[in-house]
Amino acid sequence: MPAVSKGDGMRGLAVFISDIRNCKSKEAEIKRINKELANIRSKFKGDKALDGYSKKKYVCKLLFIFLLGHDIDFGHMEAVNLLSSNKYTEKQIGYLFISVLVNSNSDLIRLINNGIKNDLASRNPTFMNLALHCIANVGSREMAEAFAADIPRILVAGDTMDSVKQSAALCLLRLNRTSPDLVPMGEWTARVVHLLNDQHLGVVTAATSLITTLAQKSPDDFKTSVSLAIARLSRIVTSASIDLQDYTYYFVAAPWLSVKLLRLLQCYPPPEDAALRGRLTECLETILNKAQEPPKSKKVQHSNAKNAVLFEAIALIIHHDSEPTLLVRACNQLGQFLQHRETNLRYLALESMCTLASSEFSHEAVKTHIETVINALKTERDVSVRQRAVDLLYAMCDRSNAKQIVAEMLSYLETADYSIREEIVLKVAILAEKYAVDYTWYVDTILNLIRIAGDYVSEEVWYRVIQIVINRDDVQGYAAKTVFEALQAPACHENLVKVGGYILGEFGNLIAGDSRSSPLVQFNLLHSKFHLCSVPTRALLLSAYIKFINLFPEVKATIQEVLRSDSQLRNADVELQQRAVEYLRLSCIASTDILATVLEEMPPFPERESSILAKLKRKKGPGNLPDIDDIRREREKERDVNGGTEHTNSNDAGTKVSPYPSTDLLGLNPAPSTGASLLVDVFSDSSAAPASVDVSAGAAVSEENFSRFVCKNNGVLYENQLLQIGLKSEYRHNLGRIYVFFGNKTSTQFLSFSSSVSSQDTLKSQLNVHAKPVDPTVDGGAQVQQILNIECVSDFIDAPVLDIQFRYGGTLQNIAVKLPVMLNKFFQPTEMMSQDFFQRWKQLGAPQQEVQKIFKAKHSMDTEVTKAKIIGFGAALLDGVDPNPSNFVGAGVIHTKMSQVGCLLRLEPNTQAQMYRLTLRTSRDTVSQRLCDLLSEQF
């Protein structure tokens, strides 16, 4: 080893590293390290006048020992002392040691902060850079509190060196990511935007990264950056590579700055100024043109840089979605990459075209590449590229090509990778339903789907096919015939047996006229599969058998013999045993009329959004492509203040409750009853705007979305940059259950996660809330569920508060959200005739029983929206009761543990004056007042 002089380096450190490398065993290494630690400890304790060079050398040795995996419990003070040195090498080692070994909870943090402040105030660019790098590397909340106000001043100061500006911008970016609530928005925000005009491209690059992040948080504060970003981008794309020599990468001018500027522009809509918009269009056209030029170098770095700019430009074109010519050109450019030899380019092209397919301007252009995409699905070796091809086929599908795409996806499904089969199954099921002109094709497709990939067909898929068959009379006979034929195969998947049992149990009579599918043949066919099935399927088949007794009295004796057998009456499974006993007894003692009433055909299911779509959204997760249908329908879903009229699980809008409801013996009640079936996709719901990003300790109770839930039970309650909280609720009489879904929007795990419910003293005696424990850790991009059971004891006004605590990046986060549990949630609708309504109205005529409110309409006075809100409020909407057809009347009962309170309401709209008069009459004045306050805020 060559000699190292004291001026050039640290000979002692070099010798120590050499000794470690020459150790023959782990024991020898530990022995040498312990010897060195003892020597360093004695030096630090014994020699009070240790010079800076020696301190630096010993601190370096400690740092090296730490990097080898050994704990270091001393030397921190010596490292802090190095910060006060005027020598760069000593100060550098001090900052390096602190960045690696000092945590945010250290007692030395105050001394370190003082050293950093001194360096920031020194105006020495080298020392200032070292200090800024240390702040960014540690990035603790304590450092953010100490320096978040100083760094912006350094950034925008006129006398700050360019290298320091770069460091300051990136340091501020780091603090904004770790402690966004501590980075102040003040006068400097307007000045930092002008850094986009700086002569030094390094400063512009760093500033662009900072502005992009801040613009996502506060877009209005940085709107002026759009014009400056376009001007800078224009200068870059129109310049020759020799004009920006220091920032030209393999003949591409400033590619990374171009990408950052294009990404910044994606934070805003297209510019309204025509000249600015034209200049941006010109820039994008120039980028597309340059991508078509012959390459100036054969090296991969050149093509990578050029393609990086191209794909970001296409992303901006897609984001603006306003220039048909550019969109079509972008589609054609991407089409050229679909057969490129580079796998990454094929992947990116497919991913970008998925988003292009959602635009009305480029959808047809995307469809022209269908054969290429299908070929990629069949021949591509990389599974991730095949998955993107499936996504693109799904996105480009419409009525003109639905049958071709579904057929290709079914064909691919037979050989598809196991990791993506479930997603393909969901997409085939959605497309088959969405574009089914002929529902016989839909039935054939789903049965084929079960045959090919039965293990990957979730309950949502076969539930959905049954719902559609029940709701469409024209397909019931065909469905019964088709499943009967499918069940004759020697080996049937269990999901096919479930579908067959349900459909034949409901509609087997439609094919019973044929001797080949007589009642006895149908029963024997189903029963031949019985012993091969799991317990839930056997339970469904027993329910189908009892339905057969109602449909086909001639097989009653045969079925009773099966139910009477020991294998049923003495079954080890309680559910099967109970069904066998009860069904046997029912068939023996019930008259024909009673049997026909109890076992009548299932009524149509209420129309609502397909549960398969929700399943697909959960399957895709927050980090993948957005659902194409969500993009197309996003604006349609926001028609009214409550996010549109939506069906609730308790009582679907407009559905009257029959005094003799049909018994859903096969377990497909449309109202979910288990936690698993009440999952909500909290990462793609667009009906609630994100809440404030204040997640600091002691944050105020958030009520922003509280009023949205007065007339609905499901949706997003709270959202910030870290967490999304979704709710799904159901109520019956005085009891309720809320499923709360906490979604981690970051890639970092939440630790020590807890959620509890608190109530004011008065509310505690009026409302009982029991919260089940929640998982203490939430992985990045994952969600956890918590169940809240609620009992209404007496009428109430206040609402409980959901308190959430968790650690993110070592920092404790506190969030408090007002739970949307209102008195009207315990409303049960009551149907009344006109005479009964007005008789009861007169009985509740005492002054204290009536509350009336006249108020100005806040939203458009749409009749259908008004009806939906009254139904969502919980009352039964009574048609033809009020003499004035423009008025709305409703009735219901508020259920509490202590009493039941009848309620009548009347809403009189005046469209000319844009006013409403709302009258409520109940037997309790506090209830009248509370319901009036809640309902009047919705119109």
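Refer to the structure presented above.
Since the model is a prediction, treat every value here as computed from it, not as a measurement.

Just checking my understanding: could you explain the overall build of the protein for this structure?
Within the protein, the regular secondary structure consists of 39 helices and 16 strands. Residues counted as buried form 52% of the 939 residues belonging to the protein. Across the protein, contacts joining residues at least 24 apart in sequence account for 69% of those joining residues at least 6 apart. Surface summary for the protein: the accessible area is close to 43,000 Å², and the carbon and sulfur share equals 49%.

Explain a nonpolar patch on the surface to me, please; I cannot follow it from the model alone.
The grouping of Leu67, Leu96 and Val100 at the surface amounts to a nonpolar patch, some 260 Å² of accessible area in total. Take valine 100: it is sitting in helix α5 (residues 88–101). Residue classification places valine 100 among the partly exposed residues on the basis of a relative accessible area of 36%.

Quick question: what am I supposed to make of the sheet that holds strand β7 (residues 767–771) here?
Paired through their backbone hydrogen bonds, the strands of a sheet run either parallel or antiparallel. Spatially, β3-β4-β5-β8-β7 is the arrangement adopted by the five strands of the open sheet, whose pairing is antiparallel. Looking at strand neighbours, the two that pair on one side only are β3 (714–719) and β7, the edges of this open sheet. Neighbour-to-neighbour, the strand axes of this sheet turn through a mean angle of 25 degrees, independent of strand direction. The sheet contact formed by β7 and strand β8 (residues 783–792) spans five bridges and is antiparallel. Opposite asparagine 768, over in β8, you have glutamate 791 as the bridge partner.

Please explain the pattern of salt bridges as it appears in this structure.
Charged atoms that come close allow side chains of opposite charge to pair. Under the counting rule described, the total for this entry stands at 35 salt bridges. Residue glutamate 575 pairs with arginine 579 through a salt bridge whose shortest N-O separation is 2.6 Å. With glutamate 575 and arginine 579 both in helix α32 (residues 574–589) and four residues apart, the pair spans about one turn of that helix. Connected through shared salt-bridge partners, Asp19, Arg32, Glu36 and Lys61 make up one network.

What should I look at first to understand the side chain of glutamate 719 in this one?
Mapped onto the elements, glutamate 719 comes out in strand β3. Accessibility expressed as a relative area gives 10% for glutamate 719, which makes it buried. A polar contact of 3.3 Å, which involves the side chain of glutamate 719, links it to the side chain of glutamine 724. A distance of 2.7 Å separates a polar atom in the side chain of glutamate 719 from a polar atom in the side chain of lysine 745.

What should I look at first to understand the pairing of strand β14 (residues 888–895) in this one?
For a regular strand, side chains alternate in direction, first toward one face of the sheet and then toward the other. The element β14 is extensively covered by neighbouring structure, given that eight of its eight residues are classed as buried. Burial along β14 is two-sided: the residues Phe888, Gly890, Gly892 and Ile894 and Val889, Ala891, Val893 and His895 are all buried. Where strand β11 (residues 827–829) meets β14, three bridges bridge the pair, whose relative direction is antiparallel. From the neighbouring strand, proline 829 faces β14, where its bridge partner is glycine 892. Note: strand β13 (residues 876–877) against β14, two bridges, orientation antiparallel. Within β14, the position partnered with alanine 876 by the bridge is alanine 891. Two strands pair when backbone bridges link them, and β14 and strand β15 (residues 900–910) are joined in this way by eight bridges, in the antiparallel orientation. For glycine 892, the partnering residue across the bridge sits in β15 and is cysteine 903. With antiparallel pairing between neighbouring strands as the criterion, β14 and β15 make up a hairpin whose turn holds four residues.

What am I meant to see in helix α15 (residues 274–292) here?
Since there are 3.6 residues in each turn of an α-helix, residues three or four apart along the chain are aligned in direction. A rise of 1.5 Å per residue sets the reference length of α15, with its 19 residues, at 27 Å; its end C-alpha atoms lie 27 Å apart and thus fit the reference within 8%. Of the residues making up α15, those classed as buried are Leu276, Leu280, Thr281, Cys283, Leu284, Ile287 and Leu288. Projection of α15 onto a plane perpendicular to its axis shows the buried side chains occupying an angular sector of 155 degrees, all on one side. Opposite its buried face, α15 presents the exposed residues Ala274 and Ala275, each directed more than 90 degrees away. The elements touched by buried residues of α15 are α13 (225–237), α14 (255–265), α16 (300–320) and α17 (324–337). Among the residues of α15, the N-terminal cap falls to aspartate 273, whose side-chain oxygen and the backbone nitrogen of alanine 275 are separated by 3.3 Å.

Help me out: how do you make sense of the sheet that holds strand β10 (residues 811–818) in this one?
Taken in spatial order, the three strands line up as β6-β9-β10 in an open sheet, and their pairing is antiparallel. The open sheet has two edge strands, β6 (751–758) and β10, and neither has a second partner. Across this sheet, the average inter-strand angle for adjacent strands is 15 degrees, counted without regard to direction.

What should I look at first to understand the packing of aromatic side chains in this one?
Aromatic ring pairs are reported here in terms of the distance separating the ring centres and the angle at which the planes meet. Enumeration over the complete set of coordinates arrives at 23 aromatic pairs. Ring geometry for phenylalanine 827 against phenylalanine 873: centres 6.0 Å apart, planes inclined by 70 degrees, an arrangement best described as edge-to-face. In this pair, phenylalanine 827 sits in strand β11 while phenylalanine 873 sits in helix α38 (residues 863–873), placing the two residues 46 residues apart along the sequence. The ring of phenylalanine 127 has lysine 91 sitting right over it, with the charged end atom 4.5 Å from the ring centre. Sitting above the plane of the phenylalanine 709 ring, lysine 712 keeps its charged end 5.5 Å from the centroid.

Help me understand the pairing of β15, please; the structure alone is not making it clear to me.
In terms of strand pairing, β15 meets strand β16 (residues 915–922) through eight bridges, oriented antiparallel. Within β16, the position partnered with proline 909 by the bridge is tyrosine 916. Counting the residues in the hairpin turn of β15 and β16 gives four residues, including glutamine 914, whose phi is positive at 55 degrees.

Conventions and cut-offs
- Residues numbered from 1 in each chain as written.
- Predicted model: local features only at pLDDT ≥ 70, side-chain atom pairs only at ≥ 80, totals over all residues.
- Heavy atoms only, no water.
- Helix = DSSP H or I, 4+ residues; strand = E, 2+ residues; numbered from the N terminus.
- Buried < 20%, exposed > 50% of the residue type's maximum accessible area, 1.4 Å probe, protein only.
- Contact = heavy atoms within 4.5 Å.
- Areas by Shrake-Rupley, 256 points an atom, 1.4 Å probe, with all protein chains shown as cover.
- Patch = residues over 30% accessible without salt bridge, like charges linked within 9 Å, V, L, I, M, F, W, Y side chains within 5 Å.
- Salt bridge = Lys/Arg side-chain N within 4 Å of Asp/Glu carboxyl O.
- Pairing = 2+ DSSP bridges.
- Axes fitted to C-alpha atoms, helices over the stretch in contact; angles between N-to-C directions.
- Polar contact = N/O pair within 3.5 Å; in protein donor to acceptor, adjacent residues only side chain to side chain.
- Expected span 1.5 Å × (residues − 1).
- Arc of directions from axis to C-beta.
- Phe/Tyr/Trp six-rings, centres within 6.5 Å; stacked < 30°, edge-to-face > 60°.
- Lys NZ or Arg CZ within 6 Å of the ring centre and 35° of its normal.

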